[in-house]
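# Structural characterization, general
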Amino acid sequence: MPGPPEAPEAPGPPEAPGVSGTLEGPQAAFEAPRTENPSRPEPHGLGLRFCSWDAESDADVDAWFRGRTDPEFRRWNTPISLEETVEDARESLRERARWDADGKSCAFRIVDAETGATLGQIGLNGIDTFMRRAVVGYWVLPEARGRGVQERSGEWE
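Note that the structure is predicted; figures quoted are calculated from it, not measured. Counting restarts for each chain: residues are numbered from 1 in the order of the written sequence. It should be noted that, the model being predicted, local features are given only for residues of pLDDT at least 70 and side-chain atom pairs only at 80 or more, the latter also being counted only at that level, while totals for whole chains, interfaces and linings use all residues. The side-chain numbers reported here are obtained from all heavy atoms of the structure, hydrogens and water having been left aside.

### Brief notes about helix α1 (residues 58–69)
What counts here: We count a stretch as a helix when DSSP gives it H or I for four or more residues in a row; a strand needs E for two or more, and each element gets its number in order from the N terminus. A helix's residues, less one, multiplied by 1.5 Å, set its expected span. Three exposure classes are used, based on accessible area relative to the maximum for each residue type with a 1.4 Å probe and protein chains only: buried under 20%, partly exposed in between, and exposed over 50%. Whether two residues touch is decided by their heavy atoms; if any such pair falls within 4.5 Å, the residues are in contact.
Over its 12 residues, α1 extends 16 Å from the first C-alpha to the last, a length consistent with the 16 Å expected when each residue adds 1.5 Å. Along α1, the residues that are buried comprise Asp60, Val61, Ala63, Trp64, Phe65, Gly67 and Arg68. Elements in contact with the buried residues of α1: α2 (71–76), α3 (86–102), β3 (106–112), β4 (118–128) and β5 (133–140).

Printed below as a string of structure tokens:
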């Protein structure tokens, strides 16, 4: 006598764009960073590149410091700590790198693809892999505002 029919496998959660795998369209160059791979991809497109921040680079630290001490940044953001000196900024970038390595965040320096100039920062914070949720955060340096940097950096399908 045959047993009961097997129940169909329950579908898993839907794939969330940008959480894993690759994207299509202009963002096809983006591949979600993997913690087991120490070399991070550099997403690019729409005239921008996303690069890792380097706490040992004076130029990166200067851009981070200018962005995080900008009055407009502080008007709209409540960071865990406020950088008051360049050394505070360097330590803040080191802490961000530790969070990235631990999978708690994923931060990128937004760079003009032609000139290499730092334009701002975009990243995912509060990453919860179980709930498949994160918060997108960004800021743009004053000299880069009004050029569509935020809109272009956030155009993920």
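Moving on from the model shown.
### Describing the pattern of salt bridges
What counts is decided by this rule: The rule for a salt bridge is simple: a side-chain nitrogen of Lys or Arg has to be within 4 Å of a carboxyl oxygen of Asp or Glu.
Using the criterion set out here, one finds 14 salt bridges in the structure. Ionic pairing is found between Asp60 and Arg109, a salt bridge with its closest N-O pair at 3.4 Å. Here Arg109 lies in strand β3 and Asp60 lies in helix α1, a separation of 49 residues in the sequence. For the residue pair Asp60 and Arg109, the accessibility class agrees, reading buried in each case. Two residues, Glu87 and Arg90, come together in a salt bridge whose shortest N-O distance is 3.4 Å. Pair noted here: Glu87 and Arg90 are both in helix α3, with a separation of three residues, about one helical turn. In this structure Arg90 comes out as buried when scored by relative accessible area, which is 10%.

### Quick notes on the packing of aromatic side chains
This is how it is decided: Centres within 6.5 Å are what make two rings of Phe, Tyr or Trp a pair, Trp counting through its six-membered ring; a difference in plane orientation under 30 degrees is then read as stacked, over 60 as edge-to-face, and the rest as tilted.
Under the defined criterion, the tally for this structure stands at five aromatic pairs. Their ring planes at 35° and their centres at 6.0 Å tell us that Trp53 and Trp139 sit as a pair that is tilted. Separated by 86 residues along the polypeptide, Trp53 in the loop between β2 (48–51) and α1 and Trp139 in strand β5 bring together distant segments of the chain. A relative accessible area of 6% means that Trp139 is categorised as buried. Aromatic side chains Phe73 and Trp139 sit 6.4 Å apart centroid to centroid with 80° between the ring planes, which places their arrangement in the edge-to-face category. Of this pair, Phe73 sits in helix α2 while Trp139 sits in strand β5; the two residues are 66 residues apart in sequence, bridging distant segments of the chain. Given a relative accessible area of 5%, Phe73 falls into the buried group. Of the aromatic side chains, those joined through ring pairs into one cluster are Trp53, Trp64, Phe73 and Trp139.

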